[in-house]
Amino acid sequence: MNVIKSFREYVDILKAKNELTEVTKEVDWKYEMSAVTRRVYDLHGPSPLFSNIKDCTPGFRVLGAPMGLSQDPAHPFKKVALSLGLPEDMSGPEIVTAWSKLADMEPVAPRIVHTGPCKENIIFGQQIDLTKLPIPLIHEGDGGRYINTYGIMIARTPDGSWTNWAITRAMLDGPQTIAGVVIPTQDFGKIYSQWKERGEKMPFALCLGVDPAITMAAGYPLPTGLNECELLGAWYGEPIDLVKCETTDLLVPASTEIVIEGFASVDDSCLLQEGPMGEYGGYVWSGRHKQVPRFDVTAMTYRSNPIMPLCVAGVPTEENHTNWGLNIAAAIQYEIQKKAFPVTGCFIPMECAAHWVVVSVDRNRSTKDDTKLAVDIGKAVFVSRGGSYIPKVIVMDDDIDPSDIKQLVWALATRHHPDNRTAMADQYMFPLVAYLSSKEKDSSVSTRVIYNCLTPFHSWPEELRPVEASFRGYSKELQEYVTDNWKEYGFE
Ligand SMILES: Cc1cc2nc3c(=O)[nH]c(=O)nc-3n(C[C@H](O)[C@H](O)[C@H](O)COP(=O)(O)O)c2cc1C
């Protein structure tokens, strides 16, 4: 496997593959850098590498849209595939299938090294001024500048038995303080609650700019207790190099661009106001903010001329949809395929902003009762870890490619009978789901839905089965003949 071993190497590869634009013109961290990045997402453009950011420490750079869609229309997920060391031409569903095997791999322990690129510069306490970093004010309506949008937060249980890597947003508060979001149902929140129970501050390390596969693993809702670092070692086929922090015992990837380390307060009198921030559903919920723990920074180590990643969350397609969406689909596929369902794949179409999952079912299945099958699959998705984030499940025959939005909309419109919809009220609901009322967001309770789009055709006699009235409805031979002779018909 040809995996990329640092964020710096990823940047070089994007450049070599024409997937990166060097932006040397001065940009303002206040909205402008994010507006450029948003336009890149919309145009499927090359990721912008900003090197001249107004009023920031010279030399510090930002890579916007690090895992947006590729500008190659035939291979939109090229950056994801490259990140995971997979063939560049893999489709989204193929990447999900390959990546869904991660949790079953035999863990490979990391290699602890004494130093690494992230130690090129080391500063402590009052020497640190986070406000001088190129930290963006992202959306009009955001409650502050976001220091973390696509880096990983590292935390470890007090007994040292489990270390978690996760992408979790964090807002700048002051020169040495950060407002860190801690969602109790996430693994990061579970570890934080163990420290809080002991009344001890939680050591943390925020790593900005790591191997792109590390960022993928950090966005993966793996079964609780599994260690991202060791599974990724298995994926790489060799241990990941980690180095010890300066002021805590945590270990961080040695090639990280910027490591910000310190302790998260567990004292309720040290809470900070956080948010709002534009979210993956595509909205900034003006006026909605939370009280979150204060993260005190004790040391910062960084590579010379470091590069910070920037995800501008919002309307698809950004990293919440490429990284998180593919990861959730892989996590669901992992659990569903362990059950005896005739399921051939799971996919979260980019356009749905991680609000749907499409479960593809073998069109030639032998099961008779499709209604029961769809409901059983939907329920199994909802109780799975990945499915906990998703409010709507679409169960569909696997002749439809769920990553092809034209096919998907056609099939959803023409194969779903409203009577075949199963709504389940009073379920746990991930509070960031876009359309929830304030009350539902606060209680994390709402309705989930299963859309049964399965067709009964597999059980009909061959001669009565409907023929798809499209080009692909013709025989393979005729399709090939027509395609091969396209120019001879007079078409370009
Ligand atoms: C760009 C991006 C931003 C994210 N922001 C957050 C966040 O702010 N809070 C959060 O709990 N999860 C966030 N996630 C999702 C988590 O990283 C993901 O659910 C991960 O699986 C959590 O780690 P865990 O499985 O160890 O709990 C984000 C994911 C991505 C790709």
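These numbers were taken from a predicted model, which means no experiment stands behind them.

Parameters at a glance
- Residues numbered from 1 in each chain as written.
- Predicted model: local features only at pLDDT ≥ 70, side-chain atom pairs only at ≥ 80, totals over all residues.
- Helix = DSSP H or I, 4+ residues; strand = E, 2+ residues; numbered from the N terminus.
- Rg over C-alpha atoms; globule rule 2.2 N^0.38 Å.
- Buried ≥ 20, exposed ≤ 12 C-beta atoms within 10 Å, placed from the backbone.
- Domains from an automatic or database assignment.
- Contact = placed C-beta atoms within 7 Å.
- Nonpolar A, V, L, I, M, F, W, Y, C, P; charged D, E, K, R; others polar.
- UniProt positions renumbered as here; feature names shortened; annotations may be inferred.
- Pairing = 2+ DSSP bridges.
- Axes fitted to C-alpha atoms, helices over the stretch in contact; angles between N-to-C directions.
- Parallel < 35°, antiparallel > 145°, perpendicular 65-115°, else oblique.
- Left-handed = near helix turned anticlockwise from the far one by under 90°.
- Near = placed C-beta within 6 Å.

(A) Here's a closer look at the overall build of the chain. When you go through the chain residue by residue, the secondary structure sums to 12 helices and 22 strands. Compactness check: the chain gives a C-alpha radius of gyration of 23 Å against a globular reference of 23 Å for 492 residues, within 12% of the reference. Counting only C-alpha atoms and orienting by the principal axes, one finds that the chain spans roughly 80 × 55 × 45 Å. In the chain, buried positions account for 47% of the 492 residues.

(B) The arrangement of the domain arrangement of the chain in detail. Segmentation of the chain into domains returns domain 1 (7-310) and domain 2 (339-462). When each unit is reduced to the centre of its C-alpha atoms, the spacing between domain 1 and domain 2 is 31 Å. Between domain 1 and domain 2, the contact holds 12 residues from the first and 11 residues from the second. Split into classes, the residues belonging to the side of domain 1 that touches domain 2 amount to six nonpolar, five polar and one charged.

(C) A look at the UniProt feature "binding site: K(+)" (unreviewed entry) in the chain. As recorded in UniProt, the feature "binding site: K(+)" (unreviewed entry) lies at W165, A217, A218 and E228. In sequence the annotated residues extend across 64 residues, while in space they remain close, none of their C-alpha pairs exceeding 7.8 Å. By the element assignment, W165 lies in strand 8 (residues 163-166). The exposure class assigned to W165 is buried, which follows from the 26 C-beta atoms found within 10 Å.

(D) Focus on the sheet that holds strand 17 (residues 307-310). Overall, mixed pairing links the four strands, which are arranged 1-2-3-17 in an open sheet. Only two strands of the sheet have a single partner each, and these edge strands are strand 1 (20-23) and strand 17. This sheet shows a mean twist of 20° between the axes of neighbouring strands, independent of strand direction. Alignment of strand 3 (residues 61-64) against strand 17, held across four bridges, turns out to be parallel. Across the sheet, residue V62 finds its bridge partner in strand 17, namely M308.

(E) Representation of the packing of helix 4 (residues 92-99) against helix 8 (residues 319-336) in the model. One way to put it is that helix 4 packs onto helix 8 with a least axis distance of 8 Å and a crossing angle of 55°. What the angle tells us is that helix 4 and helix 8 run oblique. With respect to the hand of their crossing, helix 4 and helix 8 are arranged in right-handed fashion. Contacts between helix 4 and helix 8 involve G92, I95, V96, T97 and W99 on the former and, on the latter, L326, A329, A330 and Q333.

(F) Fine view of unusual backbone geometry. The omega torsion across G275 and P276 is -5°, close enough to zero to call that bond cis. In this structure, P276 sits in the loop between strand 15 (271-274) and strand 16 (290-302). Going from P316 to T317, the amide bond is cis rather than trans, its omega being 15°. Mapped onto the fold, T317 is located in the loop between strand 17 and helix 8. Phi is positive for A354, close to 60°, though the residue is something other than glycine. Structurally, A354 is set in the loop between strand 18 (343-347) and strand 19 (356-361). Residue A354 is classed as buried on the basis of its C-beta count, with 26 C-beta atoms lying within 10 Å.

(G) Highlighting the site of the ligand. Surrounding the ligand, one finds 21 residues, the nearest of these being A166, I167, R169, D187 and W324. By residue number, the principal contributor to the shell around the ligand is helix 8, which donates four residues. When its residues are assigned to classes, the shell around the ligand shows 12 nonpolar, six polar and three charged.

(H) Structural detail: the sheet that holds strand 4 (residues 111-112). Taken in spatial order, the three strands make up an open sheet running 4-12-13, and their pairing is mixed. With one partner strand each, in any of the chains shown, strand 4 and strand 13 (251-253) form the two edges of the open sheet. Sheet analysis places strand 12 (residues 241-244) next to strand 13, joined by three bridges and oriented antiparallel. Directly across from V243, in strand 13, lies its bridge partner V252.

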